[in-house]
Amino acid sequence: MTPFTTLTGIAAPMPLVNIDTDMIIPKQFLKTIKRSGLGKNLFDEMRYTPDGAEIPDFVLNQPAYRKAEILVAGDNFGCGSSREHAPWALLDFGIRAVISTSFADIFYNNCFKNGILPIVLPAQQVEALMEDARKGANARMTVDLGAQTVTASDGRSFSFEVDPFRKHCLMNGLDDIGLSLEKVASIDAYEKRTSALRPWV
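One structure accompanies this document, and this report is about it. All values reported here derive from a predicted model rather than from experimental measurement. (Residues numbered from 1 in each chain as written. Predicted model: local features only at pLDDT ≥ 70, side-chain atom pairs only at ≥ 80, totals over all residues. Heavy atoms only, no water.)

**A closer look at the nonpolar core**
- Core analysis: the largest hydrophobic core is formed by 57 residues, its most contacted members being Phe 43, Phe 77, Leu 90, Ile 99 and Leu 117.
- Listed by contribution, the elements that provide at least two residues to this core are strand 1 (6–14), strand 2 (70–73), helix 3 (85–93), strand 3 (97–100), helix 4 (105–113), strand 4 (117–120), helix 5 (123–133) and strand 5 (140–144). (Core = buried A, V, L, I, M, F, W, Y, C linked by side-chain atoms within 4.5 Å. Buried < 20%, exposed > 50% of the residue type's maximum accessible area, 1.4 Å probe, protein only. Helix = DSSP H or I, 4+ residues; strand = E, 2+ residues; numbered from the N terminus.)

Listed below in C-alpha cells is the structure:
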C-alpha cells in the first residue's frame, strides 16, 4: 500500500448527501477481485449516459477536475452496501482523500485499509473547503496527515482527528498483510519453537 503523508492536489466538489457505494461503483462492476481498473467506472451512472458518452456537467468529467486527488463531499458518504470495490474505484481513479461531515462505518474502515484518508470535519469547515474546491484546478488543497490538517488554497487551515493506529498504518503504507509481515521474525520464532516442542504436528 502506498504511504500517505502529505498530499497537495486538486479537490473536486461533490455536494451531494448520502452518496452510497452503488453510486460510487455500481453492482455490475463487482465481478472482479482486482483492485485496478475500476477507476474508469467510478460514479459510472452519474458520469456516463446509458450509451457510454460522458455527461459534461458531472464534476469529474470537467477539465479542471479530471486529475482530482481529493473529494469534498456531502454528509453520510459511502453509505449502502459494504463493498470494498468502492474505495478501490476511488483509489484507481486517483482519489487519496475524501472530506465530509460523516461517513458510513464500513466504508470509513475500508478506506484506511486501502490507502485512502477519510477526513471528518464540521459542516461549516466542509462548506468552506467545498467553496474552495469550486475554484477549479488552480486552487489546490494540502492534506497533512502528520500534522492532521487540511489547508485550503487561501491558506485557511482546519484540524482533523484520526485514530493513532490508523494514522500509523497510512503513513507507513501498512494494510492488513503489511501489518502481518511486520511480525515475520516473531512468527518464524514461534514456528521454530513449536516444531521443536511438537515435531509430530
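**Brief notes about the pairing of strand 1**
- Counting buried residues in strand 1 gives seven out of nine residues, a clear majority hidden from the surface.
- Inspection of the sheet shows strand 1 paired to strand 5 by five bridges, in the antiparallel sense. Paired with Thr 6 across the bridge in strand 5 is Asp 144.
- Here strand 1 runs beside strand 2; their pairing, made up of four bridges, is parallel. Its bridge partner lying in strand 2, Ala 12 is registered against Leu 71. (Pairing = 2+ DSSP bridges.)

**Some remarks on the packing of aromatic side chains**
- One pass over the structure, following the stated rule, counts six aromatic pairs.
- Measuring from centroid to centroid gives 5.8 Å for Phe 43 and Phe 58, while their planes differ by 55 degrees, and the two rings are tilted. Taken together, the residues Phe 43 in the loop between helix 1 (21–24) and helix 2 (44–47) and Phe 58 in the loop between helix 2 and strand 2 connect sequence positions 15 residues apart. Phe 58 matches Phe 43 in its accessibility class, with the two residues each being buried. (Phe/Tyr/Trp six-rings, centres within 6.5 Å; stacked < 30°, edge-to-face > 60°.)

**Side note on the side chain of Lys 167**
- Along the chain, Lys 167 falls in helix 6 (residues 164–171).
- For the buried Lys 167, no salt bridge exists, and the shortest N-O distance to an oppositely charged side chain is 7.3 Å, to Asp 144.
- When near neighbours in sequence (up to four residues on either side) are disregarded, Lys 167 contacts Leu 145, Gly 146, Gln 148 and Val 162. (Lys, Arg positive; Asp, Glu negative; His and termini not counted. Salt bridge = Lys/Arg side-chain N within 4 Å of Asp/Glu carboxyl O. Contact = heavy atoms within 4.5 Å.)

**What to know about the side chain of Asn 110**
- Structurally, the position occupied by Asn 110 is in helix 4.
- In contact with Asn 110, other than residues within four places in its own chain, are Arg 83, Glu 84 and Pro 87.

**Here we look at helix 3**
- Taken across its nine residues, helix 3 has seven buried, putting it largely inside the fold.
- Along helix 3, the residues that are buried comprise His 85, Ala 86, Pro 87, Trp 88, Ala 89, Leu 90 and Phe 93.
- Backbone geometry just downstream of helix 3 places Gly 94 in the positive-phi region, at approximately 125 degrees.

**A few points about unusual backbone geometry**
- Phi is positive for Asn 18, which is not a glycine, with a value near 60 degrees.
- One non-glycine residue with positive phi stands out, namely Phe 43, at about 55 degrees.

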